[in-house]
Amino acid sequence: MNVNRRVLTLDEFTIQQLRHIPNATGELSGLLRDIGLAAKRVNVEVNKAGLVDILGDAGSVNVQGEDVKKLDIFANDQFTGVLHHGISCAGIGSEELDDFVAFDDAVSCQSKYVCLFDPLDGSGNIDVNVSIGTIFGVYRRVTERGEVASKEDFLQKGTQQVAAGYIIYGSSTMLVYATRRGVNGFTLDPSIGEFTLSHPDIKCPPTGKIYSVNHGNFFQYDEGVKKYIDICQKKTKTTGGPYTQRYIGSMVADVHRNLIKGGIFMYPGTIDKPKGKLRLMYECNPFAFIVEVAGGKATNGKQRILDVEPTELHQRSPMFIGSKDMMAELETCMSEK
Ligand code: AHM
Ligand code: MG
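For clarity, every value in this text was computed on a predicted model and none was experimentally measured. (Residues numbered from 1 in each chain as written. Chains lettered and ligands numbered in written order. Predicted model: local features only at pLDDT ≥ 70, side-chain atom pairs only at ≥ 80, totals over all residues. Heavy atoms only, no water.)

Participant: Go over the overall build of the chain, please, and point to the residues and values.
Facilitator: Across its full length, the chain carries nine helices and 15 strands. Here the C-alpha atoms of the chain give a radius of gyration of 20 Å, agreeing with the 20 Å that 2.2 N^0.38 yields for 337 residues. By principal-axis analysis of the C-alpha atoms, the chain measures approximately 55 × 50 × 45 Å. Burial status across the chain gives 54% buried among its 337 residues. Put simply, 64% of the contacts in the chain that link residues at least 6 apart link residues at least 24 apart. For the chain, the exposed surface amounts to about 15200 Å²; the carbon and sulfur share of it is 51%. Charge centroids of the chain, computed over 37 positive and 41 negative side chains, lie 8 Å from each other. (Helix = DSSP H or I, 4+ residues; strand = E, 2+ residues; numbered from the N terminus. Rg over C-alpha atoms; globule rule 2.2 N^0.38 Å. Buried < 20%, exposed > 50% of the residue type's maximum accessible area, 1.4 Å probe, protein only. Contact = heavy atoms within 4.5 Å. Areas by Shrake-Rupley, 256 points an atom, 1.4 Å probe, with all protein chains shown as cover. Lys, Arg positive; Asp, Glu negative; His and termini not counted. Charge placed at Lys NZ, Arg CZ, Asp CG, Glu CD.)

Take a look at the structure:
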């Protein structure tokens, strides 16, 4: 029989990785497998979104005061469900829920990890067929195993993540995840229903040609940000500009593209919203972890994102993330008075 062993599934890959880690229990592999399963279920519904009556508002409003689409709720329920029924997760925090959920059954209380996620980011793009995604960060709990997880398990700095990743429901569906060992990308093979390793050991190019920002807010940005955007648009010897502006308005798609091709993504604070729009725990921390492991940088304009001490689950943060040389140019602009 001719079996193509160059194709490694997500499960096979995570189990192989265990061999390099002495005393590993396999719980993280289990958790990633659970996330992969929820992703496949969400993918099926996202693909059907144009066909069935699943579009539109579900009639409720989430904790940020935004309309909730039906698919957000479906995705939230899928990720919460698989993590609850698995054996690796003691509780979850979700952008769609007011508060964290600690699983209080005996198996979950013995679990090592908690997971924070944005179940369906960019969901405003669903009805126009633009890529959307799921973002997740995994933390080792700080409370004793055996207890029900508590707030301190969820309010940890981004540096404490043991893994983080995203799923992009795009022209193909991909799951990308990082541990401190590296970043790897898996493309869903619909013929076998498995995520298969397609982008091993992703590295973010040190520089690139793409900048991503909402230009509509330009006049609301700080002078340093405006100055950097100005540089992006100019032909200079040092930067090799002008750069190309690409902004999908779906962070997973924008940051994924910049991670692979090199570039910078910015969601700065504005006069109206000084903390910007993105959520530290569900969007900024996971991406900061992934991009840093890949060799890039992520800050809030003043401080490394991963070093920010969280005070509340739903807090927002300005976000600047991407290729390290472009981030250095930005930081120079922001530090000049
Ligand atoms: P969401 O979590 O409500 O979907 O919002 C987050 C999304 C990001 O994916 C994207 O980068 C950003 O909102 C776009 O916002 P804007 O339209 O203000 O540029
Ligand atoms: Mg979001």
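Back to the write-up after that little detour.
Participant: Any details on the nonpolar core? Residues and values, ideally.
Facilitator: The biggest cluster of nonpolar side chains holds 42 residues, and the ones touching the most others in it are Y166, L259, F287, I290, M319 and I321. Going through the elements one at a time, β5 (113-121), β6 (132-140), β7 (161-169), β8 (173-179), α7 (251-261), β13 (263-267), α8 (280-293) and β15 (319-322) are the ones with two or more residues in this core. For this core, the leading source of residues is α8, giving nine residues. Here this core spans two domains, and each of domain 1 (10-199) and domain 2 (210-336) adds at least three residues to it. If near-sequence neighbours (up to four positions away) are discounted, Y166 is found in contact with T134, I135, F136, M174, L175, V176, V252, H256, L259, F287 and I290. Core analysis: the next-biggest nonpolar cluster, separate from the first, contains 37 residues, A49, L175, Y177 and F186 among them. (Core = buried A, V, L, I, M, F, W, Y, C linked by side-chain atoms within 4.5 Å. Domains from an automatic or database assignment.)

Participant: I'd like a description of the coordination of the magnesium ion (ligand 2), backed by residues and values.
Facilitator: Every protein donor of the magnesium ion (ligand 2) is listed here as E95 (OE), D118 (OD), D121 (OD) and E283 (OE), and their distances to the metal cover 1.9 to 2.7 Å. Between consecutive donor residues of the magnesium ion (ligand 2), the sequence gaps follow E-x22-D-x2-D-x161-E. With a gap of 26 residues between them, E95 in the loop between β3 (89-94) and β4 (101-102) and D121 in strand β5 connect regions that are remote in the sequence. (Donors = N, O, S within 2.8 Å, 3.2 Å for Na, K, Ca; no water.)

Participant: Could you give an account of the side chain of S250, naming the residues involved and the relevant values?
Facilitator: When you line up the elements, S250 lands in the loop between β12 (244-245) and α7. Residue S250 is classed as buried on the basis of its relative accessible area of 0%. With sequence-adjacent residues up to four places away left out, S250 is seen in contact with D121, G122, N125, S131 and I132.

Participant: Lay out the side chain of N43 in plain terms, naming residues and giving numbers.
Facilitator: Note that N43 resides in helix α2 (residues 27-47). There is a polar contact of 2.6 Å between the side chain of N43 and the side chain of T173. In contact with N43, other than residues within four places in its own chain, are Y169, T173 and L188. (Polar contact = N/O pair within 3.5 Å; in protein donor to acceptor, adjacent residues only side chain to side chain.)

Participant: Which residues make up helix α6 (residues 223-232), and what values do they have?
Facilitator: The complete set of buried residues in α6 reads G224, V225, K226, Y228, I229 and C232. Taken together, the buried residues of α6 touch β11 (210-212), β13, β15 and α9 (324-335).

Participant: Explain the sheet that holds β15 to me, and be specific about the residues and the numbers.
Facilitator: Sheets are built from strands that pair by backbone hydrogen bonding, the pairs being arranged parallel or antiparallel. Spatial strand order, β12-β11-β13-β15-β14: five strands in an open sheet with mixed pairing. Both edges of this open sheet fall to β12 and β14 (297-299), since each of them pairs with a single strand only. As paired strands, β11 and β13 are joined by three bridges and run parallel to one another. For S212, the partnering residue across the bridge sits in β13 and is F265. (Pairing = 2+ DSSP bridges.)

Participant: How would you explain the pattern of salt bridges if you had to name every residue and give the values?
Facilitator: Here the idea is simple: oppositely charged side chains can pair when their charged atoms come close. Within this structure, the stated rule accounts for 13 salt bridges. A salt bridge links K40 to E194; the shortest N-O distance between them is 3.8 Å. With K40 in helix α2 and E194 in strand β10 (residues 194-199), the pair connects residues that are 154 residues apart, well separated along the chain. Overall, K40 belongs to the partly exposed group, its relative accessible area being 24%. Its salt-bridge partner being E283, residue R279 comes within 3.7 Å of it at the nearest N-O pair. Looking at R279, the relative accessible area reads 3%, which means it is buried. Since its relative accessible area comes to 1%, E283 is described here as buried. (Salt bridge = Lys/Arg side-chain N within 4 Å of Asp/Glu carboxyl O.)

Participant: Explain the site of ligand 1 to me, using residue names and the numbers behind them.
Facilitator: Neighbouring residues of ligand 1: 15 residues in total, closest D121, G122, Y247, M251 and Y267. Within the side chain of R279, a nitrogen or oxygen atom sits 3.4 Å from an oxygen atom of ligand 1. Here ligand 1, which alone exposes 470 Å², has 83% of that area covered by the protein. Put simply, the parts of the chain that give the shell around ligand 1 at least two residues each are β5 and β13. (Near = heavy atom within 4 Å.)

Participant: Give me the lowdown on the sheet that holds β3, citing residues and values where you can.
Facilitator: Taking strand neighbours across the sheet as the criterion, the eight strands line up as β4-β3-β5-β6-β7-β8-β9-β10 in an open arrangement whose pairing is mixed. A strand with exactly one partner marks an edge of an open sheet, and here the two such strands are β4 and β10. The pairing of β5 with β6 spans seven bridges and is antiparallel. Residue L116 lies in a different strand from β6, and its bridge partner there is G137. Relative to the sheet, α7 contacts β5, β6, β7, β8 and β10, its axis offset from that of β7 by approximately 105 degrees. (Axes fitted to C-alpha atoms, helices over the stretch in contact; angles between N-to-C directions.)

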